Amino acid sequence: MSILHLRDVSKHFGGLQALSHFDLSVPQGAIFGLIGPNGSGKTTLFNVITGFMRPSAGQIHFNEAPIHTQPAWRIAQLGLVRTFQKTSVFADLSALENIRVGCFARTRGTPLQSILRLPGERRERRAADDKARRILALLGMAAAESIQARNLPYGHQRHLEIAIALAAEPRLLLLDEPAAGLNAEETSVLMQTVQRIRDQGITVLVVEHDMKLVMGICERIAVINYGQKIAEGPPEEVSRNPDVINVYLGEDLEL
Ligand code: ADP
Ligand code: MG
C-alpha cells in the first residue's frame, strides 16, 4: 500500500514550470529517495506535498485521503512532517529544549492550564521531556541533552532538526537534503539514523543532491530534472539509466 500518492502534480511560478505532471507513489514503510540537480524542483515538491504551497494542478493523497486542499498545519497533524533544507534549530536552546518545541504540536494542554501550571500541564511537560529523551537516544545524542544547539557539532545540529520533526510523531517523514554540509563520516552516521527511524515504522521520503547517500539506503529512487520525473526504480537500475547518467554527467555513479 502506498502512504503517499501524487497524481499529475504541476506547479508553476509565473512562466517557470517548477513541477510538471509529476506522479509518485511512496510505499508504506519504505525509505524512498528523490534525487535531482540543483533547481530541478525537489524542494518545490516538498512544499506542495506539505501544504506550504498549493499545486497549480493535480492531486495528492496521504493514507488515501486528499491533502492538496488542506492547510499545512492540518497536514502535519495527520502525520506528514518535514525538515528544511537550511538548518533551522534554535541556537540558544539546548538540544532537549529544541525537541520540546516540536512536542507542542502534540500536547493537549490549554493556554489557561499553561498559565496556571495545573498538574495536567506539569504532567504533559514531563511526558514531553521523556519523549524528547527517547528521541535523543534513538539518534545517538543522549549526551547532548543540555548542550546549546549552537555548540553542537554541525552533524548533531542537523540530527537535531530531524529530532524536532520526530517529536511531531510523523507517519511519513520528509527530509530535505539532510546531508548538505556534512562530511563523509557524519553522512554515514546520518544514513544509519535514517534506517533506525524507518525501523520504528516511520516511512521516509528523502530529497538529496548527493546521489551516493540515496543509493546507500533507499529501496526505491525517483529522479527529477527540470520538474519532470525522468526515472524511477531500485538504485541499481536507476544508476544504470542513460538519462540519469546524462543528468549526473561527470559524477561518479559507482555503487
Ligand atoms: P531544488 O530543491 O531541486 O534545488 P527548487 O524546488 O528549490 O529546486 O526550485 C525549482 C525551480 O523553481 C528553480 O528554478 C527555482 O528558482 C524555482 N522556484 C522555487 N521556489 C520559487 C518561488 N517561491 N518563486 C519563484 N520561483 C521559485
Ligand atoms: Mg532544494
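The model shown is predicted, which means the values in this text are computed figures rather than measured ones.

Trainee: Summarise the side chain of T50; cite the residues concerned and give the values.
Mentor: You can see T50 is positioned in the loop between α1 (42-49) and β4 (57-62). When its relative accessible area of 3% is taken as the criterion, T50 is described as buried. A distance of 2.6 Å separates a polar side-chain atom of T50 from the backbone oxygen of F46. Apart from the residues lying within four places of it in its own chain, the contact partners of T50 are A72, I75, L80, R82 and L174.

Trainee: Quick rundown of the packing of helix α3 (residues 95-103) against helix α6 (residues 154-167)? Include the residues and the values.
Mentor: Contact geometry of α3 with α6 gives a least axis separation of 7 Å together with a crossing angle of 35°. In terms of crossing hand, the pair formed by α3 and α6 is right-handed. Facing A95, N98, I99, G102 and C103 of α3, the residues of α6 in contact are L160, A163, I164 and A167. When the residues that make up the contact of α3 with α6 are grouped by side-chain class, the tally is seven nonpolar, two polar and no charged.

Trainee: Break down the domain arrangement of the protein chain for me, citing the residues and quoting the values.
Mentor: Annotation of the protein chain at the domain level lists domain 1 (1-79 + 170-255) and domain 2 (89-169). On the domain 2 side, the residues contacting the 21 residues of domain 1 number 13 residues. For the pair domain 1 and domain 2, the summed buried area comes to about 1300 Å², and 65% of that belongs to carbon and sulfur atoms. Across the domain 1-domain 2 interface, the total number found is zero salt bridges. Our enumeration of links across domain 1 and domain 2 arrives at five residue pairs in polar contact (both at pLDDT 80 or more). Put simply, the parts of the chain that give the side of domain 1 that touches domain 2 at least two residues each are α2 (72-77), β7 (172-176) and α7 (184-199). Looking at the side of domain 1 that touches domain 2, the element that brings in the most residues is α7, giving six residues. Taken together, the residues that form the side of domain 1 that touches domain 2 break down as 11 nonpolar, five polar and five charged.

Thresholds applied
- Residues numbered from 1 in each chain as written.
- Chains lettered and ligands numbered in written order.
- Predicted model: local features only at pLDDT ≥ 70, side-chain atom pairs only at ≥ 80, totals over all residues.
- Heavy atoms only, no water.
- Helix = DSSP H or I, 4+ residues; strand = E, 2+ residues; numbered from the N terminus.
- Buried < 20%, exposed > 50% of the residue type's maximum accessible area, 1.4 Å probe, protein only.
- Polar contact = N/O pair within 3.5 Å; in protein donor to acceptor, adjacent residues only side chain to side chain.
- Contact = heavy atoms within 4.5 Å.
- Axes fitted to C-alpha atoms, helices over the stretch in contact; angles between N-to-C directions.
- Left-handed = near helix turned anticlockwise from the far one by under 90°.
- Nonpolar A, V, L, I, M, F, W, Y, C, P; charged D, E, K, R; others polar.
- Domains from an automatic or database assignment.
- Buried area = accessible area lost by both parts, 1.4 Å probe.
- Salt bridge = Lys/Arg side-chain N within 4 Å of Asp/Glu carboxyl O.

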